[in-house]
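Below are the chains, spelled out letter by letter.
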Amino acid sequence: MKQFIDFIPLLLFFIVYKIDPRVVDIAGHQLTVGGIYSATAMLIISSLVVYGTLFIKQRTLEKSQWLTLIACLVFGSLTLAFHSETVLKWKAPVVNWLFALAFIGSHFIGDRLLIKRIMGHALTLPDPVWLRLNIAWIVFFLFCGAANLFVAFTFQDYWVDFKVFGSLGMTLLFLVGQGIYLSRHLHDADTTTPKTED
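Think of each chain on its own: its residues are numbered from 1, step by step along the sequence as written. Where totals are concerned, whole chains, interfaces and linings use all residues; where local detail is concerned, this predicted model gives features only for residues with pLDDT of at least 70, and gives and counts side-chain atom pairs only at 80 or more. Excluding hydrogens and water, the side-chain values take into account all heavy atoms of the structure.

With that settled, the discussion passes to the domain arrangement of the protein. What fixes the domain bounds is an automatic or database domain assignment. Splitting the protein by domain gives domain 1 (1-83) and domain 2 (86-191). Taking only C-alpha atoms into account, the centre of domain 1 sits 23 Å from that of domain 2. In this description, contact between two residues means that some pair of their heavy atoms is separated by no more than 4.5 Å. The interface of domain 1 with domain 2 comprises 21 residues on the first partner and 20 residues on the second. Interface of domain 1 and domain 2: buried area, both sides summed, is about 1800 Å²; carbon and sulfur atoms make up 86% of it. Buried area is calculated as the accessible area (1.4 Å probe) missing from two parts once they are joined, with the contributions of both summed. Among the residues of domain 1 in contact with domain 2, Phe7, Phe14 and Phe75 are the three that bury the most area, contributing 29% of the side total. Think of a salt bridge as a Lys or Arg side-chain nitrogen and an Asp or Glu carboxyl oxygen that are within 4 Å of each other. In this assembly, domain 1 and domain 2 are joined by 1 salt bridge. Of the charged contacts, one joins Asp161 and Lys18 as a salt bridge, the two residues approaching to 3.3 Å between their closest N and O atoms. Only DSSP runs of H or I reaching four residues or more are called helices, and only runs of E reaching two or more are called strands; each is numbered from the N terminus. When residues of the side of domain 1 that touches domain 2 are traced back to their parent elements, those giving at least two are helix 1 (2-5), helix 2 (7-18), helix 3 (36-58) and helix 4 (63-82). It is helix 4 that provides the largest number of residues to the side of domain 1 that touches domain 2, a total of 9 residues. Ten residue types, Ala, Val, Leu, Ile, Met, Phe, Trp, Tyr, Cys and Pro, are classed as nonpolar, four, Asp, Glu, Lys and Arg, as charged, and the remainder, Gly among them, as polar. Across the side of domain 1 that touches domain 2, the residue classes tally to 14 nonpolar, 6 polar and 1 charged.

We call a residue buried when its accessible area falls under 20% of the maximum for its residue type, exposed when it is over 50%, and partly exposed in between, using a 1.4 Å probe and counting protein chains only. Counting buried positions along strand 2 (residues 29-33) gives 0 out of 5 residues, so the element sits mostly on the surface. At least two bridges found by DSSP between two strands are what make those strands a pair. Note that strand 1 (residues 22-26) and strand 2 share 5 bridges and pair antiparallel. Bridge pairing in strand 2 links Val24 to Leu31. Counted along the chain from strand 1 to the antiparallel partner strand 2, the turn is 2 residues long, and its residue Ala27 has a positive phi close to 50°.

To continue, consider unusual backbone geometry. Its identity is not glycine, yet Arg59 carries a phi of approximately 65°, on the positive side. Here Arg59 shows up in the loop between helix 3 and helix 4. We classify Arg59 as exposed; its relative accessible area is 69%. Look at His83: it is not a glycine, yet its phi comes out positive at around 50°. Mapped onto the elements of the fold, His83 is located in the loop between helix 4 and helix 5 (85-89). Overall, His83 belongs to the exposed group, its relative accessible area being 54%.

What follows deals with the UniProt feature "transmembrane region" (unreviewed entry) in the protein. UniProt positions are given in the numbering used here, feature names are shortened, and annotations may be inferred rather than shown by experiment. Under the feature "transmembrane region" (unreviewed entry), the UniProt entry names residues 34-54, 66-82, 94-114, 135-156 and 162-182. Along residues 66-82, the helical share is 100% and the strand share 0%, with 24 Å between the first and last C-alpha atoms. Structurally, residues 162-182 comprises 100% helix and 0% strand, and the distance from its first C-alpha atom to its last is 28 Å.

Now the structure itself:
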């Protein structure tokens, strides 16, 4: 569910981007709606609203959500300030690679792998399975970053479509694959867990 919450600002970004640019008059001010720059403004505003609402409701945000929000604010603001969509094209690769770096770092820093810190409260798995899962997330984020970068600078007419639906599709496929992989090990984990008598 948390993965899909992250896609709400992206979907709004996509919708505004696809609108043919036009000038509208709002309270005596003329604003351009449609195209990359108004879509970027929508991305910033919707990210603030979504994560602000989560923060008010939960009194906290996860580190990944803070990273996504900060990256959106930094890259979005620079895109608007320099009037260059090239800056925004680097957001998805950089964020994905930072996530990969965090998963890599957990192999050397701390007492638990990052994936175990995230999912350990809900699952009991052998250490080799946690290790393979952590490596899978590293590969996934490295691949997503590279794919976003490649499409953004090679197929410039389609990079926004890929940023939204390509990223969503890759995430869904990866999560389904992870679910299938985990289902093979959950039974083994259950049988090795000591049972207590009621």
